[in-house]
Amino acid sequence: MVHVRSRFALCLALAACAPQVQPAARRPVPQIFAPNFGESDPAQDWQGARPSAHPVHGTDISVWQGRIDWPTARENGVNFVFIKATEGGDLMDPAFAANWDGAAAAGVARGAYHYFYHCSPAPAQARWFIAHVPRRADALPPVLDMEWTPQSPTCRNKRPAAEIRADARAYLALVESAYGKRPILYTTVDFFEENALWTLSDVDFWLRSTAGHPSDTYPGQPWLFWQYSGTGTVPGIRGPVDLNAFAGSRSDWANWRAE
């Protein structure tokens, strides 16, 4: 039998010899490339602060962009991308897997988005997204794209604002629980205003504003990403594409990515 004093000394000796647990290293953030983007709409005329005031740019894509040359896009300023994954409760973007893997291989920070269908229950749509989008610690937070769909062949509903906000809360809560990250809500000026989305608390917004800076278009509303063009051109991506900027500085981006 080991005496108490001896046992204590033995424990100290073992502790001294044991490998010390080091704090987790901060994940390095890849190099940020300046945007080498163009604009296919010659009528584009900025009011207020320009996108160039923000140093971190990227895009969002779906199957409609076709096959993307990800290394070229990366070198020309696509530092991040949001990739369409799902729509409604039964549609999957056929190019999602290829874009998800291709972006990662090129060093582009990537996240997935869901296009909301106003004729399907929000929980069912959240479960559909969760079933098809990988849970990756290095991925950007998942995105919910909510906007009116007047061109939809099957669902042009414009439901009461209270129902829209309830759907947003239900969807975001389920997805946050599944991925452990607070999702981002993408929307447009008319949808934001008509549904009083500024009343949603604890939501990170990605705001579309192609005629002016969000500080002018959405006065007083904090935002994380700004979609400033739907007619941009990017080397490596075929045809017009959306252009986006991150709200903060390069160091803000690094800090946010490291969270």
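Residues numbered from 1 in each chain as written. Predicted model: local features only at pLDDT ≥ 70, side-chain atom pairs only at ≥ 80, totals over all residues. Heavy atoms only, no water.

*Asks:* Quick question: what am I supposed to make of the environment of R238 here?
*Replies:* With respect to the helices and strands, the residue R238 is situated in strand β10 (residues 237-246). The class for R238 is exposed, based on a relative accessible area of 58%. The sequence separation of R238 and R67 amounts to 171 residues, and the corresponding C-alpha distance is 7.9 Å. Among all residues touching R238, those that are not within four sequence positions of it are W64, Q65 and G66. (Helix = DSSP H or I, 4+ residues; strand = E, 2+ residues; numbered from the N terminus. Buried < 20%, exposed > 50% of the residue type's maximum accessible area, 1.4 Å probe, protein only. Contact = heavy atoms within 4.5 Å.)

*Asks:* Is there a simple way to explain the environment of Y179 in this structure?
*Replies:* Among the structural elements, Y179 can be located in helix α5 (residues 161-179). On the basis of relative accessibility, which here comes to 15%, the residue Y179 falls in the buried class. A distance of 2.8 Å separates a polar side-chain atom of Y179 from the backbone oxygen of V133. (Polar contact = N/O pair within 3.5 Å; in protein donor to acceptor, adjacent residues only side chain to side chain.)

*Asks:* Looking at this structure, I do not really get the side chain of H54. What am I missing?
*Replies:* Within the secondary structure, H54 is located in the loop between β1 (38-39) and β2 (57-61). Its relative accessible area of 10% is what places H54 among the buried residues. In this structure H54 touches H213, W223, W226, A245, F246 and A247, once residues within four positions along its chain are discounted.

*Asks:* Which parts of the structure should I look at to understand the packing of aromatic side chains?
*Replies:* For the structure shown, the criterion picks out 20 aromatic pairs. Aromatic pair F82 and F225: ring centres 5.2 Å apart, planes at 85°, arrangement edge-to-face. With a gap of 143 residues between them, F82 in strand β3 (residues 80-87) and F225 in strand β9 (residues 225-234) connect regions that are remote in the sequence. The same class applies to F82 and to F225, which are both buried. Among the aromatic residues, those joined into a cluster by ring pairs are F80, F82, Y186, W206, F225, F246, W253 and W256. The ring centre of W100 lies 4.1 Å from the NZ or CZ of R110, which sits over that ring. (Phe/Tyr/Trp six-rings, centres within 6.5 Å; stacked < 30°, edge-to-face > 60°. Lys NZ or Arg CZ within 6 Å of the ring centre and 35° of its normal.)

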